[in-house]
Amino acid sequence: MTEKGKKYFALTFVSKDRYGIVADVSKVLYDKGFNLEDSSSTLLRGFFSMILIVATRQDYTEEDIKRMFDSLKDISISVRKMNGSDATIAEGLSYVVSVYGSDKPGIVYKVTDYLRSKNINVIDLQTKVAGKENKPIYIMVLEILVPENYQEEEWTVPLKALSDQMGTDIHIRQIETYEF
């Protein structure tokens, strides 16, 4: 549900990692009267990336918002106006899927394509190559939402078979959620 009169924007920031990026960005937003509605950030191979959904009652354009960050020369920013009434709350049973194996092309595609074919929503995805240089391990962790009417075996058994075909190990765990 959106609050009447609010305008929503999706902001994406990418920068070489350094101290204070979140503080610099959030200060600009605070000074200009934005509310930070939702956020996600991570460090990717020495680059910090952050996606924010912000709201304001002001009539800013995408270009107005980009200019607000002109003083932050080392940060790349993109801005997209969002239709707040299009926002939905994802529903379903929450699971974490962890995939481990040797690094090879297609792991992300094959797993996410399978999940798409089952109408399972990926709401978070992270990948890393870890381990020693001579024995790297590819790690992918997904948070997914599974329709409540699904029987667990109907989607987990084929997913585990896919993992076996790729030569990876897969672990699937339901996340307990609490309602307030």
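Residues numbered from 1 in each chain as written. Predicted model: local features only at pLDDT ≥ 70, side-chain atom pairs only at ≥ 80, totals over all residues. Heavy atoms only, no water.

**Q** Explanation requested: the sheet that holds strand S2 (residues 35-44) in the structure shown.
**A** In a beta sheet, neighbouring strands are held together by backbone hydrogen bonds and run either parallel or antiparallel to one another. Overall, antiparallel pairing links the four strands, which are arranged S2-S3-S1-S4 in an open sheet. The sheet is open, and its two borders are formed by S2 and strand S4 (75-82), each paired with just one other strand. With strand direction ignored, the average angle separating the axes of adjacent strands in the sheet is 15°. Relative to strand S3 (residues 47-56), S2 runs antiparallel, the two sharing nine bridges. Looking across to S3, one finds that Ser40 is bridged to Ile51. (Pairing = 2+ DSSP bridges. Helix = DSSP H or I, 4+ residues; strand = E, 2+ residues; numbered from the N terminus. Axes fitted to C-alpha atoms, helices over the stretch in contact; angles between N-to-C directions.)

**Q** Looking at this structure, I do not really get the sheet that holds strand S8 (residues 169-174). What am I missing?
**A** Spatial ordering of the open sheet is given by S6-S7-S5-S8, a layout of four strands whose pairing is antiparallel. Two strands bound the open sheet, and with one partner strand each, they are strand S6 (121-132) and S8. For this sheet, the mean angle separating the axes of adjacent strands, direction not counted, is 15°. Two strands pair when backbone bridges link them, and strand S5 (residues 93-101) and strand S7 (residues 135-146) are joined in this way by nine bridges, in the antiparallel orientation. Bridge assignment links Val96 to a residue of S7, and that residue is Glu143. Along the sheet, helix H3 (residues 107-117) makes contact with S5, S6 and S7, crossing S7 at roughly 15°. Here helix H4 (residues 152-166) sits on the sheet and contacts S5, S7 and S8; the angle it forms with S8, its principal contact strand, is near 160°. (Contact = heavy atoms within 4.5 Å.)

**Q** Can you walk me through helix H1 (residues 21-31) in this structure?
**A** Given 3.6 residues to a turn, an α-helix orients residues that are three or four positions apart in the same direction. Turning to H1, its buried residues number three or more, namely Ile21, Val25, Val28 and Leu29. Taken down its axis, H1 places every buried residue within 95° of arc, on the same side. Set apart from the buried face of H1 by more than 90 degrees, the exposed residues are Lys27 and Tyr30. Structurally, H1 contributes buried residues whose contacts are with strand S1 (7-16), S3, helix H2 (62-68) and S4. The positive-phi residue at the C-terminal boundary of H1 is Gly33, with phi of around 80°. (Buried < 20%, exposed > 50% of the residue type's maximum accessible area, 1.4 Å probe, protein only. Arc of directions from axis to C-beta.)

Function cannot be inferred from these measures alone, as they are strictly geometric.
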